[in-house]
Amino acid sequence: CEVEAGEAVAECCSVSGDGLGRIVAGQFVSVCLLARDTYGNPQICSHDAMEAFLHDPTGQLVTSAVIKQDDEKDGTCRAFYTVEKAGQYGLCVRLNGVDVEGSPFPVEVIPGEA
């Protein structure tokens, strides 16, 4: 008898990567979503819709992340993005339209080298 992981649940997923916290303006960074079902089992991301987008402090959309899904079928999805202007932002990461645990994540963009 083979048991398969259930559908990924946003509240059970986690996000990590160099695109969280403090980043440098103009540099590409990434966040990695680890998709998990209700029981904590890894779930293949390609069956689910990951969204990532950045808002400024007023709530206006700044940039849409370019989503690249890992093809290792290990339950991870990765989003790459860059921001040109220094400031405080919020990175929203959603799975199937629902914020993952901790979203929106605070992002501080510091000036790049001139």
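These numbers come from a predicted model, not from an experiment.

The rules behind each value
- Counting of residues starts from 1 at the beginning of each chain's written sequence and follows it residue by residue.
- Residues qualify for local features only when their pLDDT is at least 70, as the model is predicted, and side-chain atom pairs are given and counted only at 80 or more; totals for whole chains, interfaces and linings, by contrast, use all residues.
- Derived side-chain values reflect all non-hydrogen atoms in the structure, with water molecules and hydrogen atoms excluded from consideration.
- In predicted models, pLDDT denotes the confidence assigned by the predictor to each residue on a 0 to 100 scale.
- Secondary structure elements follow DSSP: runs of H or I of four or more residues count as helices, runs of E of two or more count as strands, with numbering from the N terminus.
- Only a pair of cysteine sulfur atoms within 2.5 Å counts as a disulfide in this structure description.
- The cut-offs for exposure are 20% and 50% of the maximum accessible area for each residue type, with area from a 1.4 Å probe on protein chains only; residues under the lower value are buried, those over the upper are exposed, and the others partly exposed.
- Throughout, a residue-residue contact means that at least one pair of heavy atoms, one from each residue, lies within 4.5 Å.

Trainee: Requested: an account of the confidence of the model for the protein chain, with residues and values cited.
Mentor: Overall, the prediction assigns the protein chain a mean pLDDT of 82, with 82% of residues at 70 or greater. Element-level mean pLDDT values for the protein chain span from 59 in strand E6 (residues 66–68) up to 95 in strand E10 (residues 105–110).

Trainee: Report on the state of the cysteines, specifying residues and quantitative values.
Mentor: Within the structure shown, the criterion is met by zero disulfides. Cys13 forms no disulfide, and the closest cysteine sulfur to it belongs to Cys12, at a distance of 6.9 Å.

Trainee: Which residues make up the environment of Cys77, and what are the values?
Mentor: Considering the arrangement of structural elements, one finds Cys77 in strand E7 (residues 76–81). For the pair Cys77 and Met50, spaced 27 residues apart in sequence, the C-alpha separation works out to 7.5 Å.

Trainee: Just give me the short version of the environment of Thr38, but keep the residues and values in it.
Mentor: Residue position: Thr38 is located in the loop between strand E3 (29–34) and strand E4 (50–55). Relative accessible area serves as the criterion here: at 53%, Thr38 is assigned to the exposed category. For the pair Thr38 and Cys12, spaced 26 residues apart in sequence, the C-alpha separation works out to 6.3 Å. Ignoring anything within four residues of it in the chain, the contact list for Thr38 reads Glu7, Val9 and Cys12.

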